[in-house]
Amino acid sequence: TGLDACKSGTHDDETINAIFRAVHSIKGGAGAFGHLAMQSYTHCFENLLGDIREGKVALESDLVDLLLLALDMLRDHVEAARGAGSEPDDAALMKRLEEARSGAAPANDPAQGSAQEASSSESAGASDDLLDDLDALLDELGAPDAEACAAASDEPGDAPAPWLVHIRPHAGAMNNGSEPLLWLREIELLGGRCVECDTRALPPLDRFDPEQGYLGWTFEMPGQVDRADVEEIFDFVGDDCALAFGDEEMPPVAVPTNEEDATSAQATASAPAATETSEASPTAALKSVKSKDERAPASKDASPAAVSAGAKASSSNQTSQSVRIDLQKLDKLIDGVGELVIAQAMLTQRIENEGFAHIEELAMLDTLVRDIQEHAMAFRAQPISSVFGRVPRLLRELAGNTGKHVKLEVTGETTELDKTVIERLSEPMTHLIRNAVDHGIEPPEERQAAGKEPEGTLSLSAEQKAGRIVIQISDDGRGISREKVLAKAISNGLISEDAELSDEEVHQLVFAPGFSTAAKVTSVSGRGVGMDVVKQNVKDLGGRIGIESTPGKGTTFSLALPLTLAISDGMIVQVGDQSLVIPLAHVIESLRPQQEDLKGMGRARRMLNVRGNFVPIVSLGLMTGARGMKEDPSKGVLVLVETESHGQAALLVDAITDQRQFVIKSLDAHYRSVESVAGATILGNGQVALIVDVDYLVQSAACSETAMLARLCDEADAPAEATESRAEPAQEPETVGAPQ
């Protein structure tokens, strides 16, 4: 995020500091777990960021591109550490990072160059031998650095004087997960040399506690090292360690002599003895490294022990309470909640069948089951930012392949949806973005000729609408050419030459297998493979994809997806001999129409007047093939629904029997995919009910009515003899339907 801000020119000094701290933290983690290649690489990355932060290297556009490449390489290192591949070859990129530093380094500062070379050498030679045993550790930390001493003695007049830092973990530091050995390694990487290890507080072996801190260390730091660099190592330590800067020793820690005074001695050990150090030398400044979140300064007359205790209490209160759960266990919980919903519905049905009146405990059970379901589904909810966050790197790769630089605009990245949906959404979104950059956005010279900015714009947005999440991918490119699409479809045999298609139908042709209007095949796209897969993936998620395009202005792909694939709310309706479920997210209202509210539109369509607005009536029985359904809207119930692409419609049903939660069962896993059905569920009486795909049914009804109107027009133009021969059937009332 920080590097993207640098790329767009919206960064400030704190942005650079945040980037530096992030890389520094990754370097520390890499060293802690023995990923030496990543540690060496991030050290080189960090050196360049440090020069940028100090103003030694100007942050220009080319340098930002180099930093973004370095970030990509860092991602590869992390993936290798996770076991997803081998360690990447970073030698060439590390050389470029060093060249970026040396190109702006002052030529008259040999001491700085020596310090940088020494730091790089120490980083590359970091060893895990420190973990062997305590004696080897003390010997190695106490050994002087011959190269550093030689470098310091060559030019005694020019090099800054070395200085001392004293480190002492508080008692109980290891109880909080701290590891002093890692701090010492970081000090060494800065060029520090351990000159003393204070072991005076070590207790007798029979009272030795391995979780307590008994040792203190004094390091001699090179004069070129800034004090802030040392303090930064302890940013995340909290109150587990005390630091002192100066020439004086750290005071020893009291050791318990018996079990009775163990508690008081530990409290004494936890408090840094600032008073004693201050009396010995005014220049020695002892401080307790505090948590970043602790902003308020301590009062002047507060004792060090009180300050430390207050900081620990504050840190404890602000600690985030969380636990990691295996995904399979979470899936089993969701499945169990689904079965609980079904069992609760069956229990309710059984009690109603027995003729019992309203039972208060049953209503309470319904509320509790709903609460459990909502909390369980919230466990799997994740922000879509995890998908949107991968786009900047994808755009950088596309910029290198196509020469088109694209600015990214993101809104609604905090919108949450089911983790399963997010995981399966990444691939179709990636393909749509690649197509938008390669086909949609024009080259810079073509954009300038059209009066546009040379840099294209890609917009990603996500929002919840009527129980679904709508994701839009928009570009400001050339748009979809209707003529090119039609010509390609005719040449591929997808449509006939005399076909008359609406803009929406033309746009849907791009999802046909093997369809592509690209003039040439590139490494990005152009083979006509992928858009049909995108549509199928979205359809498998129970979603829908649509296209809106304006030539010369751009194209927008809209993906409408369910928030969850497990449990939802629905309205159970009776249609003839069938019980069907209408997802409640589509339902606006239900009503019994009066005869004066029903209007005819030609011979093929019936309309409902809803407070001055006319919406088409769709017979759910005819569309689904039910038997014995009511055909007169005035004798049935009309359910007013909202669709994604065809506005509102009124579904004609016989009756509404219930409204409750239902568990979605996929037909693909147990039978096969059915276009007009979004899934199935089990009702309280044990019956299997189909969940209707409202969007598909309304769209199919509209297409059937259009075909019916065309057929009627053809009949009107037919010879009189043929018309007279069909006069008798034509007088019967016609209904509109689709193949069952």
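Computed from a prediction, not measured in an experiment: that's the story for all the values here.

Definitions and limits used
- Residues numbered from 1 in each chain as written.
- Predicted model: local features only at pLDDT ≥ 70, side-chain atom pairs only at ≥ 80, totals over all residues.
- Heavy atoms only, no water.
- Buried < 20%, exposed > 50% of the residue type's maximum accessible area, 1.4 Å probe, protein only.
- Helix = DSSP H or I, 4+ residues; strand = E, 2+ residues; numbered from the N terminus.
- Pairing = 2+ DSSP bridges.
- Contact = heavy atoms within 4.5 Å.
- Patch = residues over 30% accessible without salt bridge, like charges linked within 9 Å, V, L, I, M, F, W, Y side chains within 5 Å.
- Areas by Shrake-Rupley, 256 points an atom, 1.4 Å probe, with all protein chains shown as cover.
- Salt bridge = Lys/Arg side-chain N within 4 Å of Asp/Glu carboxyl O.
- Core = buried A, V, L, I, M, F, W, Y, C linked by side-chain atoms within 4.5 Å.
- Axes fitted to C-alpha atoms, helices over the stretch in contact; angles between N-to-C directions.
- Expected span 1.5 Å × (residues − 1).
- Bend = angle between axes of the 7 residues up to and from the residue.
- Left-handed = near helix turned anticlockwise from the far one by under 90°.
- Nonpolar A, V, L, I, M, F, W, Y, C, P; charged D, E, K, R; others polar.
- pLDDT = per-residue confidence, 0-100.

With seven of seven residues buried, strand β1 (residues 163-169) is to be regarded as a mostly interior element. Where burial is concerned, the two faces of β1 agree: the one with Trp163, Val165, Ile167 and Pro169 and the one with Leu164, His166 and Arg168 are both buried. Here β1 runs beside strand β3 (residues 216-221); their pairing, made up of five bridges, is antiparallel. Residue pairing in the sheet places Leu164 in a bridge with Glu220 of β3. Here β1 pairs with strand β4 (residues 241-245) via five bridges, running antiparallel. Within β4, the residue paired with His166 across the bridge is Ala244.

This part is about the environment of Leu330. Mapped onto the secondary structure, Leu330 falls in helix α14 (residues 327-353). According to the relative accessible area criterion, Leu330 is buried, its value standing at 11%. For Leu330 and Arg380, which are 50 residues apart along the polypeptide, the C-alpha to C-alpha distance reads 7.9 Å. Beyond its immediate sequence surroundings of up to four residues, Leu330 is in contact with Ile325, Phe379 and Arg380.

Let us look at the side chain of Lys419. Assignment of secondary structure puts Lys419 in helix α18 (residues 419-440). Judged by relative accessible area, Lys419 falls into the buried class, the value being 19%. Aside from chain neighbours lying at most four places away, what touches Lys419 is Leu327, Arg380 and Gln382.

A surface patch of nonpolar side chains, about 330 Å² in accessible area, is lined by Leu202, Leu205 and Phe208. Here Leu205 lies in the loop between β2 (193-198) and β3.

The residue Phe388 is located in helix α16 (residues 385-388) in this model. Looking at Phe388, the relative accessible area reads 4%, which means it is buried. Sequence-wise, Phe388 and Met429 are 41 residues apart; in three dimensions their C-alpha atoms are separated by 9.2 Å. Once residues within four sequence positions are removed from consideration, Phe388 is found in contact with Val410, Thr411, Glu413, Met429, Leu460, Ser461, Ala462 and Ile471.

The next subject is the nonpolar core. Counting 44 residues, the largest nonpolar core has Ile384, Ile433 and Ile471 as its most contacted members. No other element matches α18, which puts eight residues into this core. Once residues within four sequence positions are removed from consideration, Ile471 is found in contact with Ile384, Phe388, Leu425, Met429, Ser461, Ala462, Phe557, Ser558, Leu559 and Leu561. Counting 27 residues, the second largest nonpolar core, distinct from the first, contains Leu3, Ala30, Leu49 and Met94.

So, about the pattern of salt bridges. Charged atoms that come close allow side chains of opposite charge to pair. In this structure the tally under the stated criterion is 27 salt bridges. For Lys27, the salt bridge goes to Glu46, with nearest N and O atoms at 2.7 Å. Residue Lys27 is found in helix α2 (residues 13-32), and its partner Glu46 is found in helix α3 (residues 36-53); the two are separated by 19 residues along the sequence. Linking Arg82 and Glu79 is a salt bridge whose minimum nitrogen-to-oxygen distance equals 3.3 Å. Take Arg82: its relative accessible area is 64%, and that puts it in the exposed class.

Attention shifts here to the sheet that holds strand β23 (residues 688-692). The five strands lie next to each other as β21-β13-β14-β23-β22, forming an open sheet whose pairing is mixed. Each edge of the open sheet carries a strand with a single partner, namely β21 (655-663) and β22 (677-682). Taking the axes of each pair of neighbouring strands and ignoring which way they run, one obtains an average angle of 35 degrees across the sheet. With eight bridges joining them, strand β13 (residues 567-575) and β21 adopt antiparallel strand pairing. Residue pairing in the sheet places Ile567 in a bridge with Val663 of β21. Along the sheet face, α14 touches β13, β21 and β22 and points at about 150 degrees away from the line of β21.

With 22 residues, α18 ought to run about 32 Å at 1.5 Å a step, and its terminal C-alpha atoms sit 30 Å apart, in line with that. A bend of about 35 degrees at Leu425 is the largest found in α18, and the proline Pro428 appears one to four places after it.

In this section: the packing of α18 against helix α22 (residues 531-540). One way to put it is that α18 packs onto α22 with a least axis distance of 9 Å and a crossing angle of 145 degrees. Crossing angle aside, the handedness with which α18 passes α22 is left-handed. Residue-level contacts link Arg424, Glu427, Pro428, His431, Leu432 and Asn435 of α18 to Met531, Val534, Asn537, Val538 and Asp540 of α22. Taken together, the residues that form the contact of α18 with α22 break down as five nonpolar, three polar and three charged.

Our focus in this paragraph is the confidence of the model for the chain. Scored by pLDDT, the chain has a mean of 74; 72% of the residues are at 70 or more. A low-confidence stretch, residues 255-319 (pLDDT under 50), is modelled with 71 contacts involving residues beyond four sequence positions or located in other chains.

Turning next to the sheet that holds strand β19 (residues 637-642). Here six strands make up an open sheet; going across it, the order is β15-β19-β20-β18-β17-β16 and the pairing mixed. Every interior strand has two partners, whereas the edge strands, β15 (587-591) and β16 (598-601), have only one. Taken over all neighbouring pairs, the strand axes of this sheet differ in orientation by 35 degrees on average, direction set aside. With four bridges joining them, β16 and strand β17 (residues 605-610) adopt antiparallel strand pairing. Among the inter-strand pairings, Lys599 is bridged to a residue of β17, identified as Met607.

This part covers the pairing of strand β12 (residues 554-562). For β12, the tally of buried residues reaches nine of nine residues, placing the bulk of the element in the interior. Neither face of β12 is open: one carries Gly554, Thr556, Ser558, Ala560 and Pro562, the other Thr555, Phe557, Leu559 and Leu561, and all of them are buried. Relative to β12, strand β10 (residues 468-475) runs antiparallel, the two being bridged by eight bridges. Bridge pairing in β12 links Gln472 to Ser558.

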